[in-house]
Amino acid sequence: MSTRLEAGQTAPSFTLPDQDGKSVSLSDFAGKKVILYFYPAASTPGCTKQACDFRDNLSQLANKGYVVLGVSKDPLSKLKKFETTESLTFPLLSDPELTVHNAYGTYGEKSMYGKTVMGVIRSTFVIDESGKIELALYNVKATGHVASLMLKLGL
């Protein structure tokens, strides 16, 4: 299992393609606050709820200087369909090799329906303007997560 990150650490850098095939790097957002969230699979009920919550609160987050990036292991075609179907307005990044998942400690053993399985651990990271992790939240719940995150951020 990959090591979990903690507040105060430098966020691992990455470059991944978004739903349109455009390369997106963490360094593209230097000087901005980034909410980087990892979700198991596009178009599943929990992941759809979480993505739509981010979409619905995006203007409030953007007004406070936050950029939202979603990461999954889904192929670009699935991410594009997810974006279109749910009218998502932020980048969805594809990490099928799990390189970035492993760098952030978001792939490993988890409990699902009482069984231990390997998979994506739903997680969110808040990265400050200098690239340091401000919050590292693992095993978050899809429902209510964005509201809870906004409270933690004082929004």
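To be clear, the structure that these remarks concern was listed above.
Cut-offs and rules
Residue numbers here run from 1 along each chain, matching the order of that chain's written sequence. Restriction of local features to residues with pLDDT of at least 70 applies here, the model being predicted, together with a cutoff of 80 or more for giving and counting side-chain atom pairs; totals for whole chains, interfaces and linings are based on all residues. Side-chain calculation: all heavy atoms of the structure are included, whereas hydrogens and water are not. What counts as a helix is a DSSP run of H or I of at least four residues, what counts as a strand is a run of E of at least two, and both are numbered from the N terminus. By definition in these notes, contact holds between two residues if any of their heavy atoms fall within 4.5 Å. Whenever two N or O atoms come within 3.5 Å, that pair is a polar contact, provided that in protein one can donate a hydrogen and the other can accept it, and provided that, for residues adjacent in sequence, both atoms are side-chain atoms. Note on definitions: salt bridges are taken to be side-chain nitrogens of Lys or Arg within 4 Å of carboxyl oxygens of Asp or Glu. Accessibility here uses a 1.4 Å probe with only protein chains present; expressed as a share of the type maximum, an area under 20% marks a residue as buried, one over 50% as exposed, and anything in between as partly exposed. Only when DSSP finds a minimum of two bridges between them are two strands counted as paired. Orient the strands so they point away from the viewer, and a crossover whose first-strand-to-second-strand path over the helix runs clockwise is right-handed. As used here, the arc is the angular range of directions from the helix axis to the C-beta atoms.

1. Let's talk about the environment of Asp 18
Here's step 1: Within the fold, Asp 18 resides in the loop between strand S1 (15-17) and strand S2 (23-25).
Here's step 2: Ignoring anything within four residues of it in the chain, the contact list for Asp 18 reads Val 24, Leu 76, Pro 91, Leu 92 and Leu 93.
Here's step 3: Polar contacts involving the side chain of Asp 18 include one to the main-chain amide nitrogen of Asp 20, which spans 2.8 Å.

2. A few points about the pattern of salt bridges
Here's step 1: All chains considered together, the criterion is met by five salt bridges.
Here's step 2: Here Asp 20 makes a salt bridge to Lys 80, at a shortest N to O gap of 2.6 Å. With a gap of 60 residues between them, Asp 20 in the loop between S1 and S2 and Lys 80 in helix H2 (residues 76-86) connect regions that are remote in the sequence.
Here's step 3: With a relative accessible area of 32%, Lys 80 lands in the partly exposed category.
Here's step 4: Here Asp 53 makes a salt bridge to Lys 49, at a shortest N to O gap of 3.1 Å. One end of the pair, Asp 53, and the other, Lys 49, are both in helix H1 (residues 45-63), four residues apart, so they sit about a helical turn from each other.
Here's step 5: Taken together, the salt bridges that share partners define one network made up of Asp 20, Lys 80 and Glu 83.

3. Description of the pairing of strand S4 (residues 66-72)
Here's step 1: In terms of residue burial, S4 counts as a mostly covered element, since seven of its seven residues are buried.
Here's step 2: Judged by which residues are buried, S4 turns out to be covered on both faces: Tyr 66, Val 68, Gly 70 and Ser 72 on one side and Val 67, Leu 69 and Val 71 on the other are all buried.
Here's step 3: Bridge count for strand S3 (residues 33-38) against S4 is six bridges, and the pairing is parallel. Residue Tyr 37 lies in a different strand from S4, and its bridge partner there is Gly 70.
Here's step 4: After leaving S3, the chain enters H1 and then returns to the sheet as S4, a path that is right-handed.
Here's step 5: Pairing analysis gives three bridges linking S4 to strand S5 (residues 92-94), with the strands arranged parallel. Each residue of the ladder has a partner; that of Val 71, found in S5, is Leu 93.

4. Side note on H2
Here's step 1: Along H2, the positions that sit buried rather than exposed are Leu 79, Phe 82 and Glu 83. In an axial view of H2, the angular spread of the buried residues amounts to 95°, which keeps them on one side of the axis. Among the exposed residues of H2, those pointing more than 90 degrees away from its buried face are Ser 77, Lys 81, Thr 84 and Thr 85.
Here's step 2: In this structure, the buried residues of H2 make contact with H1, S4 and S5.
Here's step 3: Backbone geometry just downstream of H2 places Ser 87 in the positive-phi region, at approximately 55°.

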